[in-house]
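Fold and contact review
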Amino acid sequence: MAPTPVIVAATGSVIARLSAYIFLRWIPGHHFPPLILASIVIYLVCVFGKDEAFGISRPRLHEAFPKLFPHREDHEKPEEHHEEQQGADHDEPILYEEEKRFFKTAVFGIPDWREPEWSYMTIGVNILLALFTLDLVFRGPLLHPAQDLSFTRVGYVDSTSAKVLVREPDPAQLPMYAYLSPADKTSWTTTDTIYYLGPDTDYTYAINFEGLKPSKKYIYSLSNDKSGTFTTAASQYSEAVNSLTFLTSSCIKANFPYRPSAPALAIHGFEHLSKVLRGLPSPASFMLFLGDFIYVDVPLRLSSSLAHYRAEYRRVYASPSWSLPGLDTLPWIHTLDDHEIANDWSGGNDTDPFPAASDPFIHYHVSVNPPVPSGAPTGPDTNTTYFQFSNGPASFFMLDTRRYRTDPEPASFSSSSSKPLYGSSSESSNPPTYSTNHTMLGYTQLSFLLKFLATPEPPHIHWKIIASSVPFTKNWRFGTSDTWGGFLRERSQILAAMHDAEQRLGVRVIILSGDRHEFAAIRYPRVIANATVTSSSAGKKETTKDMIVREVGPQAGPHEFSVGPLSMFYLPFRTFKQVDDEDVAIKYLPDGNSKVGVVELRNLAGESQRSLLKYSLYVDGQVAWEYALTSPAAGVECKSRGKSGRWLWD
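This structure is a prediction, so every number in the text was calculated from the model and none was measured.

This part is about the overall build of the chain. Counting secondary structure elements, the chain contains 13 helices and 23 strands. Within the chain, buried positions represent 53% of all 650 residues. For the chain, long-range pairs separated by at least 24 residues make up 71% of all intrachain contacts whose partners lie at least 6 apart in sequence.

Below, the structure written as structure tokens:
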């Protein structure tokens, strides 16, 4: 027996409403727009094509809403229609029948033409959800190509130089002059003259201000009426080098969660970021952004062309949210991740769409990023996209986990927690050699990372910080193969180098990662002994088992802080689980559409506790968790801004 139009309409309405809520408020997955639109089309066909199935004949709009749609012709009087309804037989009381009809109409979207106002309103709700879905998908790309976008953004700043990204598509502004002056006095100097800006770089140009003084605020001004400020980093010979504050996060998508009245390019998480910046005791030196600056394939991939990738970057930079207090002066430096290319990208740097995706990342981000490691390949044809720099008490290495990666290791190596994991047995003391079959970093980048970890630092640097766009831990049990959990051989080699750096160089190794839309803190205790345990019982044969002994205590081993999103969805279900004693969970906080980590470093006068790192997690603008870690002594968890952690920092 075929389903009746009422059942079909109700099913379509429920699917559309539930899917629209998930799509607009929870997860803007690419499966939802076709499902929502198809369900609503089926719903409308049933409602207007089989209107006799929903009660009496469908009244016209002017009959349902006579005040909104006045009509001159005489119609059946409301009293007569009411009497007709009153004369009908009812098996149940009138009040209960009306409540039931209202419930079916309001919740399930089933019209009842005896209640024309509510029926048309529930149809309107479903149509509105379809329009909201189309609005989220298409309003930004169709109405905001941002081809005329003109802006400047501050990139990497060190003690004697600064990089500023400029975009100016108007040829009438050329030649364009760049001026610089100390902020404490007006003394303008012409530092650069731009004669050409063309489509080959999407009209962008990286200005390099050089010969600057450390720990000094500067104002730059361009002849196209754009201006900004930046503050140089401290000199390694000054007292100011003993402290540093910076932020870290990942993943932004305009107008999500969806707000119908918001500008299409508004980034809601920036409202919380602005609040965090204004509340910091010391100004942040930079934002270390760990990938997914654009979401080219979310909600839907509309194109894989070079023009579309460039437009996605322009739309983010065209957002009015950049004008919020604090954001206009905050330098940003970037790593690359999958949604700037394609979801879970592992196709190398020659396969489409990577070349088109790489172009705007090079022009908009790499051009003003920190320098590449000394000795790394340079030049326009190499496009090296891993970086190394020092600032304050820390030395940084920013990984590219996408350009050089291959497919992950077979599932037998990476996904089964019941099988031995590399680094979780006695094999961890003898890490596997590098294999080109499965790599996240590629041979050259891995070599520079290992060199970074093995190199001694100046006396004032006590932290080696590695920025990875994907989590280093294998504790995420959803999409594990896309993280370092899918490259455990290479991870084991890096982890061994981290442990060696902490033991031999006396520094702390910190991993900052993103991508997961959740927060987790993990530590990686070092193996200190291997043992063979023999056990026996009466009447049974002796058995032996290899065991390992790891460092104990909250200070043990390198630490990872993985945070995201800055402005995007979070998963409504839990995906993080500790699977062994190699990746030890410290804290897991999955909820929140906006998460940002604030890292504060301060060198101390003591000999045993030489430097202090304080990590503060902000969720939707509020402090959710704090953690203090000393180098080289113990870590202390601070669950709130209370006495438990204040003595270490204030």
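Let us look at a nonpolar patch on the surface. Taken together, the side chains of Val14, Phe103, Val107 and Phe108 define a hydrophobic patch exposed on the protein surface, amounting to about 310 Å² of accessible area. Counting residues per element, the nonpolar patch draws most heavily on helix α5 (residues 94–108), at 3 residues. Position of valine 14 relative to the elements: it lies in helix α1 (residues 5–26). Take valine 14: its relative accessible area is 35%, and that puts it in the partly exposed class.

A few words on the packing of aromatic side chains. Counted according to the given criterion, the structure contains 39 aromatic pairs. Relative to tyrosine 615, the ring of phenylalanine 519 has its centre 5.8 Å away and its plane inclined at 25 degrees; by these criteria the two rings are stacked. Of this pair, phenylalanine 519 sits in strand β15 (residues 519–523) while tyrosine 615 sits in strand β21 (residues 611–619), placing them 96 residues apart in sequence. With centroids separated by 5.0 Å and ring planes inclined at 20 degrees, the aromatic side chains of phenylalanine 576 and tyrosine 588 adopt a geometry described as stacked. Residue phenylalanine 576 is found in the loop between β18 (559–562) and β19 (584–589), and its partner tyrosine 588 is found in strand β19; the two are separated by 12 residues along the sequence. For tyrosine 588, a relative accessible area of 21% gives the class partly exposed. Each member of the aromatic cluster is reached from another via a ring pair, and the members are Phe151, Phe270, Phe289, Phe293, Tyr313, Tyr317, Trp322, Trp332 and Tyr364.

Taking 1.5 Å of rise per residue, the 12 residues of helix α8 (residues 306–317) would be expected to cover 16 Å, and the 17 Å separating its terminal C-alpha atoms lies within 8% of that figure. In terms of burial, α8 is largely enclosed, as 10 of its 12 residues are buried. Residues His308, Tyr309, Arg310, Ala311, Glu312, Tyr313, Arg314, Arg315, Val316 and Tyr317 constitute the buried set of α8. Along its buried surface, α8 packs onto α6 (116–143), β1 (151–157), β2 (162–167), β10 (332–334) and α9 (354–364).

Moving on to helix α2 (residues 32–49). Three or four residues apart is the spacing at which side chains of an α-helix point the same way, because the helix has 3.6 residues per turn. For α2, spanning 18 residues, the distance from its first C-alpha to its last is 25 Å, which sits close to the expected 26 Å at 1.5 Å a residue. Among the residues making up α2, those that are buried are Phe32, Pro33, Ile36, Ser39, Ile40, Tyr43, Cys46 and Val47.

Now for the sheet that holds strand β6 (residues 217–222). Pairing within the open sheet is antiparallel, and its 4 strands lie in the order β4-β3-β6-β7. The sheet is open, and its two borders are formed by β4 (189–194) and β7 (227–231), each paired with just one other strand. Taking each pair of neighbouring strands and ignoring which way they run, the sheet shows an average axis angle of 25 degrees. Bridge count between strand β3 (residues 176–182) and β6: 5 bridges; the pairing is antiparallel. Of the residues in β6, the one forming a bridge with leucine 180 is tyrosine 220.

It is worth spelling out the sheet that holds strand β5 (residues 204–209) at this point. Strand pairing within a sheet occurs via backbone hydrogen bonds; the two strands may be parallel or antiparallel. Pairing is antiparallel across the open sheet formed by 3 strands, whose spatial order is β1-β2-β5. At either end of the open sheet lies a strand with only one pairing partner, and these are β1 and β5. Strand-to-strand twist across the sheet, computed as the mean angle between neighbouring axes with direction ignored, equals 25 degrees. Note that β1 and β2 share 5 bridges and pair antiparallel. The residue bridging valine 154 from the neighbouring strand is valine 164, located in β2. In this fold α9 packs onto β1, β2 and β5, with an angle of close to 125 degrees to the strand it touches most, β2.

Here the focus is the side chain of arginine 310. Of note, arginine 310 is situated in helix α8. Arginine 310 sits in the buried class, given a relative accessible area of 11%. Contact partners of arginine 310, with chain neighbours within four places excluded, come to Pro199, Asp200, Thr201, Asp202, Asp359, Pro360 and His363.

The next subject is the pattern of salt bridges. For the structure shown, the criterion picks out 22 salt bridges. A salt bridge links glutamate 271 to arginine 259; its shortest N-O distance comes to 3.4 Å. Of this pair, glutamate 271 sits in helix α7 (residues 269–279) while arginine 259 is found in the loop between β8 (243–249) and α7, placing the two residues 12 residues apart along the sequence. Given the relative accessible area of 38%, glutamate 271 is considered partly exposed. For the salt bridge of arginine 310 with aspartate 359, the shortest nitrogen-to-oxygen distance reads 2.8 Å. Of this pair, arginine 310 sits in helix α8 while aspartate 359 sits in helix α9; the two residues are 49 residues apart in sequence, bridging distant segments of the chain. Taking the relative accessible area as the measure of exposure, aspartate 359 reaches 18% and is therefore buried. Taken together, the salt bridges that share partners define one network made up of Asp337, Asp338, Arg402, Arg405 and Asp482.

What follows deals with the confidence of the model for the chain. Close inspection of predicted coordinates is inappropriate for parts of the model with low pLDDT. Confidence in the prediction of the chain, expressed as mean pLDDT, is 87, and 82% of residues score 70 or more. Predicted confidence is poor over residues 74–90, with pLDDT under 50, and the contacts of this stretch with residues over four places away or in other chains come to 9 contacts. In the model, residues 639–650 has pLDDT below 50 throughout and makes 21 contacts with residues more than four positions away in sequence or in other chains.

Where helix α11 (residues 442–454) contacts helix α12 (residues 488–505), the two axes come as close as 8 Å, and the packing angle between them is 15 degrees. As the angle between them shows, α11 and α12 are arranged roughly parallel. When the axes of α11 and α12 are compared, the crossing they make is right-handed. Between α11 and α12, the residues in contact are Gly442, Leu446, Leu449, Leu450, Leu453 and Ala454 and Glu490, Gln493, Ile494, Ala497, Met498, Ala501, Arg504 and Leu505, respectively. Residues that form the contact of α11 with α12 fall into these classes: 10 nonpolar, 2 polar and 2 charged.

The rules behind these values
- Residues numbered from 1 in each chain as written.
- Predicted model: local features only at pLDDT ≥ 70, side-chain atom pairs only at ≥ 80, totals over all residues.
- Heavy atoms only, no water.
- Helix = DSSP H or I, 4+ residues; strand = E, 2+ residues; numbered from the N terminus.
- Buried < 20%, exposed > 50% of the residue type's maximum accessible area, 1.4 Å probe, protein only.
- Contact = heavy atoms within 4.5 Å.
- Patch = residues over 30% accessible without salt bridge, like charges linked within 9 Å, V, L, I, M, F, W, Y side chains within 5 Å.
- Areas by Shrake-Rupley, 256 points an atom, 1.4 Å probe, with all protein chains shown as cover.
- Salt bridge = Lys/Arg side-chain N within 4 Å of Asp/Glu carboxyl O.
- Phe/Tyr/Trp six-rings, centres within 6.5 Å; stacked < 30°, edge-to-face > 60°.
- Expected span 1.5 Å × (residues − 1).
- Pairing = 2+ DSSP bridges.
- Axes fitted to C-alpha atoms, helices over the stretch in contact; angles between N-to-C directions.
- pLDDT = per-residue confidence, 0-100.
- Parallel < 35°, antiparallel > 145°, perpendicular 65-115°, else oblique.
- Left-handed = near helix turned anticlockwise from the far one by under 90°.
- Nonpolar A, V, L, I, M, F, W, Y, C, P; charged D, E, K, R; others polar.

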